[in-house]
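This is what each chain is made of:
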Amino acid sequence: MAQRTVIPFGPQHPVLPEPIQLKLTLKDEIVEEALPHIGYVHRGVEKAAERMDYTQNVFLVERICGICSFIHALCYCQGLERLMGLEVPRRAAYLRVIWSELHRLQSHHLWLGLYADAFGFESLFMEFWRSREMLMDIFEKTAGSRVIISACCIGGVRRDISDQHLQETLETLKTLEAAFDKSSEVMLNDYTVKKRTVGKGVLQADKAIMLGAAGPVLRASGVEQDARQTGFAAYDELRVEPVVETAGDCYARAKVRIREVRQSLDLVRRAIAGLPDTDIAVRPKGRPNGRTISRVEQPRGELLYFLAANGSQKLERLRVRTPTFANVAPLVHMLPGSELADVPVIVLSIDPCISCTER
Amino acid sequence: MGLIDIARSKSPWILHFDAGACNGCDIEILACLTPVYDVERFGIINIGNPKHADVLLVTGTVNKRSARVLRNLYDQMPDPKAVVAIGACALSGGVFHECYNVLGGVDSVLPVDVYVPGCAPKPEAIIEGVVMALGKMQEREHARKRGAA
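My aim in this report is to walk through the structure given alongside it, one point at a time. What you are looking at is a predicted structure, and each value in this text was computed from that prediction instead of being measured.

## Section: the overall build of chain A
Then step 1. Across its full length, chain A carries 13 helices and eight strands.
Then step 2. Since a compact globule built from 359 residues should have a radius of gyration of about 21 Å, the 20 Å found for chain A is in line with a globular shape.
Then step 3. Taking the principal axes of its C-alpha atoms as reference, chain A extends roughly 70 × 45 × 35 Å.
Then step 4. Residue burial in chain A is summarised as follows: out of 359 residues, 61% are buried.
Then step 5. Considering only residue pairs separated by 6 or more positions, chain A has 71% of its internal contacts joining residues 24 or more positions apart.
Then step 6. For chain A, the exposed area adds up to about 13200 Å²; of that, 50% sits on carbon and sulfur atoms.

Pasting the structure below:
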């Protein structure tokens, strides 16, 4: 006779680096219902942003997420620049693209590693993370820190990258690509990996749109959408074609990210080749006034900031909408009908970033 | 030093819990385990089960909801055990110290043995923190044995 059990998945679980809890109702080994419980890493960043100076907030929003910190700062600065009518110098826009794409590269490497670990392929996890250290070295060399690089500021970027460091970056990326060729080959073509990922956690295109999925999860279901197409920073000159797969399963989501790694490598190279020789920042004058929305593409999907200012030193309201929050609803839809053993793989396939989600 | 003491100091198993971090410190802890730093060669293993762990690594600020989970994990760990707080947030609350949902650093809930500062601390610093925690754990154990004898 079929037996119903409720299993708490998390908040502390070996495959999850961050705390989120899913209450799984099982019928034998099959998931019937998944209920997410969040709030373990809620800090209250949005409220704190109202209390701090608008220039101090750059450091606060960077610490919403340690994996894509630069992109959070970029989104915030971009919104404020629009409110204050600042024109960012072209070199700064290009440097922003370079650092954003490097962050995307490291985030996807991180995810590919954790994902491999989720289905028990530990040596593949180690391979991806070995490559990732090359990117961390680039961050340390160009910005002075490994994780939170604080390179973005209102009106441009805080520091320039010297020609020598640009050359070294290109050299490192060459080594990285060679290593990535080998490890991504395993991720895409290995028999056991395919057994664990093909056809698991399927999300159809219409459901993906209806549930508001974002980023690679949306694109793996065949929907062509990428916030980089809006042409922020220097993406108006460095055109980006969205990477689209149609199957909508875990395998397709991994494939989208693997192809995005190649796209990012290409973007960094093109940005370095076309780097203009101008100033790197303009000085902000006056105080922000008005309301605006700022959109950028994070490794996990579209990030959206709403800023309301009233001409004082402090913001009236800062609202952050992160891609992982958008992807929790599709996740809850994907889980029913899958086996308990596949739950870690499916959960990881949306690339959950809980600290973004809960702020 | 008995056999168990030797084993513990040569092969400490760590348990990692994110009590409200931005992820930065968490990925640096994971980076310690990967080929460039490779703490496994010293016998350090990241384990998911608190009942098998010797050292608890805590990252991030403690909030009202995670405090209970953190306390539970600590209580489930067998003695002797040590707690290492990693990153500015775990030390004092860091940039989030004034947020409404933040109780403060890890020491507002648990006794902390080693504080590793930085935002985020480098993997080398984290490894050093674990090594220092082992020393403290051993000292405590010796003092307890002397007291018993």
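## Observations concerning the layout of surface pockets
Residue and element names in this part refer to chain A.
Then step 1. Its volume calculated, the second largest pocket comes out at about 260 Å³.
Then step 2. As for the second largest pocket, its lining consists of 13 residues, and the residues nearest its centre are Q78, E81, V88, F232 and A233.
Then step 3. Broken down by secondary-structure element, the contributors of at least two residues to the lining of the second largest pocket are α3 (69-84) and α4 (90-118).
Then step 4. Tallied by class, residues from the lining of the second largest pocket come to five nonpolar, two polar and six charged.

## A few points about the sheet that holds strand β2 (residues 45-46) of chain B
All names here are of chain B.
Then step 1. If you trace the five strands from one edge of the open sheet to the other, you get β2-β1-β3-β5-β7, paired in parallel fashion. The open sheet has two edge strands with one neighbour each: β2 and β7 (114-116).
Then step 2. The pairing of strand β5 (residues 82-86) with β7 spans three bridges and is classified as parallel. Its bridge partner being in β7, I86 is matched across the sheet by V116.
Then step 3. Against the sheet, helix α3 (residues 66-76) contacts β1 (13-18), β3 (55-59) and β5, and its axis sits at roughly 170 degrees relative to β1.

## Focus on the interface of chain B and chain A
Then step 1. Between chain B and chain A, the contact holds 40 residues from the first and 40 residues from the second.
Then step 2. In this assembly, chain B and chain A are joined by two salt bridges.
Then step 3. Salt-bridge contacts for R146 of chain A lead to E28 of chain B; the nearest nitrogen and oxygen are separated by 2.7 Å.
Then step 4. Inspection of the chain B/chain A interface yields 10 residue pairs in polar contact (both at pLDDT 80 or more).
Then step 5. Secondary structure elements with two or more residues in the side of chain B that touches chain A: β1, α2 (24-33) and α3 of chain B.

## What about the pairing of β1 of chain B?
Residues and elements named next belong to chain B.
Then step 1. For β1, the buried fraction is high: five of the six residues fall into the buried class.
Then step 2. One ladder, built from two bridges, connects β1 with β2; its direction is parallel. Bridging from a neighbouring strand, I14 pairs with N46 of β2.
Then step 3. Relative to β3, β1 runs parallel, the two sharing five bridges. In the sheet register, L15 faces β3, and the bridge partner there is L56.

## Remarks on the sheet that holds strand β6 (residues 289-298) of chain A
All names here are of chain A.
Then step 1. Strands sit in the order β6-β7-β8 across an open sheet of three strands; the sheet is antiparallel. The open sheet terminates on both sides in strands that have one partner only, identified here as β6 and β8 (315-321). Put simply, the sheet's adjacent strands are angled 10 degrees from each other on average, direction ignored.
Then step 2. As judged from the 10 bridges shared by β6 and strand β7 (residues 301-310), these two strands associate in the antiparallel manner. Looking across to β7, one finds that S294 is bridged to Y305.
Then step 3. Contacting β6, β7 and β8, α3 runs over the sheet at an angle of about 150 degrees to β6.
Then step 4. Here helix α11 (residues 323-334) sits on the sheet in contact with β6, β7 and β8, set at roughly 130 degrees to β7.

## Describing the pattern of salt bridges
Then step 1. On inspection of all chains with the given rule, the structure shows 33 salt bridges over all chains.
Then step 2. The residue K122 of chain B makes a salt bridge to E140 of chain A at a minimum N-O spacing of 2.7 Å. Placement of the pair is K122 of chain B in the loop between β7 and α5 (123-148) and E140 of chain A in helix α5 (residues 122-143), with the two residues belonging to separate chains.

## Examining the nonpolar core
Soluble globular proteins: nonpolar side chains tend toward being buried together.
Then step 1. One finds Y76, W99, L102, M187 and Y305 of chain A to be the most contacted residues of the largest nonpolar core, which totals 148 residues.
Then step 2. Looking at which element gives the most residues to this core, the answer is α4 of chain A, with 16 residues.
Then step 3. When near neighbours in sequence (up to four residues on either side) are disregarded, L102 of chain A contacts L135, I138, F139, L173 and V268 of chain A.
Then step 4. Counting residues in each nonpolar core, the second largest holds 22 residues, with V62, V69, L70 and V109 of chain B among its members.

## A look at the pairing of β3 of chain B
Residues and elements named next belong to chain B.
Then step 1. Of all five residues in β3, five are buried; the element is thus mostly enclosed.
Then step 2. Here β3 shows no split at all, with V55, L57 and T59 on one side and L56 and V58 on the other all buried.
Then step 3. In this structure, β3 lies alongside β5, joined through five bridges in parallel fashion. When the sheet's bridge partners are listed, L57 is paired in β5 with V84.

## Things to note about the packing of α5 of chain A against α2 of chain B
Then step 1. It is at 10 Å that the axes of α5 of chain A and α2 of chain B come closest, and there the two elements cross at 120 degrees. When you trace α5 of chain A past α2 of chain B, the crossing you get is left-handed. Residue-level contacts link M126, W129, R132, E133 and M136 of chain A of α5 of chain A to I27, E28, L30, A31 and L33 of chain B of α2 of chain B.
Then step 2. Class assignment of the residues belonging to the contact of α5 of chain A with α2 of chain B gives a composition of seven nonpolar, no polar and three charged.

Cut-off values and rules
Residues numbered from 1 in each chain as written. Chains lettered and ligands numbered in written order. Predicted model: local features only at pLDDT ≥ 70, side-chain atom pairs only at ≥ 80, totals over all residues. Heavy atoms only, no water. Helix = DSSP H or I, 4+ residues; strand = E, 2+ residues; numbered from the N terminus. Rg over C-alpha atoms; globule rule 2.2 N^0.38 Å. Buried < 20%, exposed > 50% of the residue type's maximum accessible area, 1.4 Å probe, protein only. Contact = heavy atoms within 4.5 Å. Areas by Shrake-Rupley, 256 points an atom, 1.4 Å probe, with all protein chains shown as cover. 1 Å grid on protein atoms, 1.4 Å probe; cavity = no way out; pocket = protein on both sides within 12 Å on 5 of 7 lines; lining within 4 Å. Points joined across faces, edges and corners; volume = space filled by probe spheres on them. Nonpolar A, V, L, I, M, F, W, Y, C, P; charged D, E, K, R; others polar. Pairing = 2+ DSSP bridges. Axes fitted to C-alpha atoms, helices over the stretch in contact; angles between N-to-C directions. Salt bridge = Lys/Arg side-chain N within 4 Å of Asp/Glu carboxyl O. Polar contact = N/O pair within 3.5 Å; in protein donor to acceptor, adjacent residues only side chain to side chain. Core = buried A, V, L, I, M, F, W, Y, C linked by side-chain atoms within 4.5 Å. Left-handed = near helix turned anticlockwise from the far one by under 90°.

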